[in-house]
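Listed below are the residues making up each chain.
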Amino acid sequence: MAEFYLSAARIIEKVLQKKGTPKALVIENSRIRNKKKLYALVCEAMKYKSVTDKLLEDTKLLSTEKQLKYPMALVLVFDFLFGLGLQVGGQLKQVINRNKTSLKAALARLKVRAKVVNNEDLLPPNIQEQQEMQIPRYVRVNTVRTSTDEVMTWFSENGFKLQRRKRDIVDSIQMASGTFSVDEHIPNVLVFPPGTDLHDNILYKEGKIILQDKASCFPAFVLNPPAGSDVMDACAAPGNKTSHLAAIMDNKGQIFAFDISEKRISTMKKLLHRAGEKIVETKHHDFLKTDPSDPVYTNVQYILVDPSCSGSGMINRLDYVTSDIDNMDAKEKQRVYSLARFQVKVLSHALSFPNVKKVVYSTCSLHSIENEVVVMKCLEKFHEKFELKKALPDWPHRGHAVFPEASNCVRASPKEGSTSGFFLALFEARNSTGTVEVANHKGNGIQRDINHNEMISRLRKKQDVSSVNTKESHAEERGDRITTNTEIDSTKRKRQCTTDTGEKVQGIAQKKRIKLTRTHRKCSNKEFENRKKLLAKRKLKKERLQKRRLEQ
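Residues numbered from 1 in each chain as written. Predicted model: local features only at pLDDT ≥ 70, side-chain atom pairs only at ≥ 80, totals over all residues. Heavy atoms only, no water.

## Comments concerning the pairing of strand E13 (residues 422-429)
Inference 1: Counting buried residues in E13 gives eight out of eight residues, a clear majority hidden from the surface.
Inference 2: Neither face of E13 is open: one carries Phe422, Leu424, Leu426 and Glu428, the other Phe423, Ala425, Phe427 and Ala429, and all of them are buried.
Inference 3: For strand E10 (residues 358-363) and E13, the ladder comprises six bridges, and the chain directions are antiparallel. For serine 362, the partnering residue across the bridge sits in E13 and is leucine 424.
Inference 4: Where strand E11 (residues 386-389) and E13 come together, four bridges link them in antiparallel fashion. (Buried < 20%, exposed > 50% of the residue type's maximum accessible area, 1.4 Å probe, protein only. Helix = DSSP H or I, 4+ residues; strand = E, 2+ residues; numbered from the N terminus. Pairing = 2+ DSSP bridges.)

Okay, here's the thing in structure tokens:
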């Protein structure tokens, strides 16, 4: 048990130094198998930190026991006075035994001064409020390995009762013990009462269910990449959202999952292996150093950006209710502003990929500086290429009114949605750039309506028609006489144009035509004939394809 207490003290020390969150640090710990117990001890010891600090000051414990470090003192005093009782021997137990009388006396005096009876009443108001916040246990069915019907049948046959009646969001936290229901917003998500422990469940161990908060399922669902797509997860570890993307894509296509932490990449690989996802290529690489013009990422059209954030929306974090940045100390405030600058960089980088159609930005933060402000800054920079679409239109809780379009964003919290605190925004490429309209959500594993070659062909035809109209407009302004056919059949177009305003104007006109489109540049007789044959073949192929579809 000494190693257990030492691990808890090391994690608390790193949390106090802002080197990670309790959950992430516990997951990375390879020495302790019972991570759930370790995580509980760390969180509870940190919860009682303000109370323990007063006791340490009253008893002068750190001065008396000079070898005792502050993080270990937090762990030992908590477990002795407020936890399950000290469960360690040796020198650590001797330290507490030498001071147990003074510690108990200091606790009694503290209760008298505070005029309370219960230990929990000594906690700060914000911590007490947090303890009252309970959200359901959400379970995402991993459709790569099983189906929702099979999972529901298993639970029904193993002591759980399905509640089929429709509930609103708030009532879902008042579910009776031993029951479960189907979430009404996100497909393949089941809802269990708060505190339901499924870590030892056989379905979880086999990768058939993922223990994932409902709000954490928003990003992949909103991005909704079709099967066969090329997708990027910019800040992927520990991998729950990456796994969800693979399930939505029916495990078909390619997902590039980036993270700069080797330990987190290792954790993600284990999760993805258990879940059966085979289309994910993990990259131990900084997403910001990825070249958008790299041919490897030419076909990437969907990007999920869930960068590092303050984590203020996580209800197991002690700073949950301190969402007002004005209440922070200078060091914490500087950290949040630094995170916001990083988030703007990551989102801007994602929006700079040339062929991207949809980008989802999300955080588990409640701070507007990390949410709406980041979106506003990136929208100002990329407004000509992207627009902010209304994500999850049926979700009632929207973004704060930081800028006019903020209501298109999504917010969630224990009070507004019975989830952890969360934020999401959806950027979509404007149709005026020639992109294909994005399909609506039709459930899990949506197939493409048209294949890739047909999509490219349609885009080229749109560009050709637009180019012809643009060329005619420029010609009228210059007094040029352009002989062209506005019919879509490109084989009937003239390959050159004439002008009577001199060689200089003719050269300018030719230069502009070459910039507009390669189809209408001045070419040799041989090139023109080859082009003519190629267009004829394409037209014949299209007619055959249409005939085949009609026969079907």
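Read on, since the account is not over.
## Quick word on helix H12 (residues 240-248)
Spacing of three or four residues puts side chains on the same side of an α-helix, whose turn is 3.6 residues.
Inference 1: Burial analysis of H12 places eight of its nine residues in the buried class, which makes it a mostly covered element.
Inference 2: Within the sequence span of H12, burial applies to Lys241, Thr242, Ser243, His244, Leu245, Ala246, Ala247 and Ile248.
Inference 3: Of the residues one or two after H12, aspartate 250 is the one with positive phi, at around 55°.

## Examining the UniProt feature "binding site: S-adenosyl-L-methionine" (unreviewed entry) in the protein chain
Inference 1: Under the UniProt annotation, the feature "binding site: S-adenosyl-L-methionine" (unreviewed entry) is placed at Cys235, Ala236, Ala237, Pro238, Gly239, Asn240, Lys241, Asp259, Asp286 and Asp306.
Inference 2: Its location among the elements puts asparagine 240 in helix H12.
Inference 3: Leaving out residues up to four positions away in the same chain, asparagine 240 has contacts with Arg140, Ile210, Leu211, Gln212 and Leu271.
Inference 4: Relative to the elements of secondary structure, aspartate 306 occurs in the loop between strand E9 (300-305) and helix H14 (330-351).
Inference 5: With a relative accessible area of 16%, aspartate 306 lands in the buried category.
Inference 6: With sequence-adjacent residues up to four places away left out, aspartate 306 is seen in contact with Cys235, Lys241, Ser362, Thr363 and Phe422.
Inference 7: A distance of 3.5 Å separates the side chain of aspartate 306 from the side chain of lysine 241, its partner in a polar contact. (UniProt positions renumbered as here; feature names shortened; annotations may be inferred. Contact = heavy atoms within 4.5 Å. Polar contact = N/O pair within 3.5 Å; in protein donor to acceptor, adjacent residues only side chain to side chain.)

## Notes on helix H4 (residues 49-59)
Inference 1: Listing the buried residues of H4 in full gives Val51, Thr52, Leu55, Leu56 and Thr59. The buried residues of H4 occupy an angular sector of 135° when projected down its axis, which confines them to one face.
Inference 2: On the buried face of H4, the contacting elements are helix H5 (61-64), helix H6 (70-81) and helix H7 (90-114).
Inference 3: Two residues or fewer after H4 comes lysine 60, characterised by a positive phi angle close to 55°. (Arc of directions from axis to C-beta.)

## Here we look at the UniProt feature "active site" (unreviewed entry) in the protein chain
Inference 1: If you check UniProt for "active site" (unreviewed entry), the listed places come out as Cys364 in our numbering.
Inference 2: Tracing the backbone through its elements, the reader meets cysteine 364 in the loop between E10 and helix H15 (372-382).
Inference 3: In contact with cysteine 364, other than residues within four places in its own chain, are Cys309, Gly311, Ser312, Gly313, Met314, Gly421 and Phe422.

## Concerning the packing of H12 against helix H13 (residues 262-275)
Two packed helices can be described by the angle between their axes and the distance between those axes.
Inference 1: Two numbers describe how H12 lies on H13: the axes approach to 9 Å, and their chain directions differ by 30°. Judged on the interaxial angle alone, H13 and H12 are roughly parallel. Crossing angle aside, the handedness with which H12 passes H13 is right-handed. Only Met268, Leu271, Leu272 and Ala275 of H13 make contact with H12, whose side of the interface consists of Asn240, Thr242 and Ser243.
Inference 2: Looking at the contact of H12 with H13 residue by residue, the classes come out as four nonpolar, three polar and no charged. (Axes fitted to C-alpha atoms, helices over the stretch in contact; angles between N-to-C directions. Parallel < 35°, antiparallel > 145°, perpendicular 65-115°, else oblique. Left-handed = near helix turned anticlockwise from the far one by under 90°. Nonpolar A, V, L, I, M, F, W, Y, C, P; charged D, E, K, R; others polar.)

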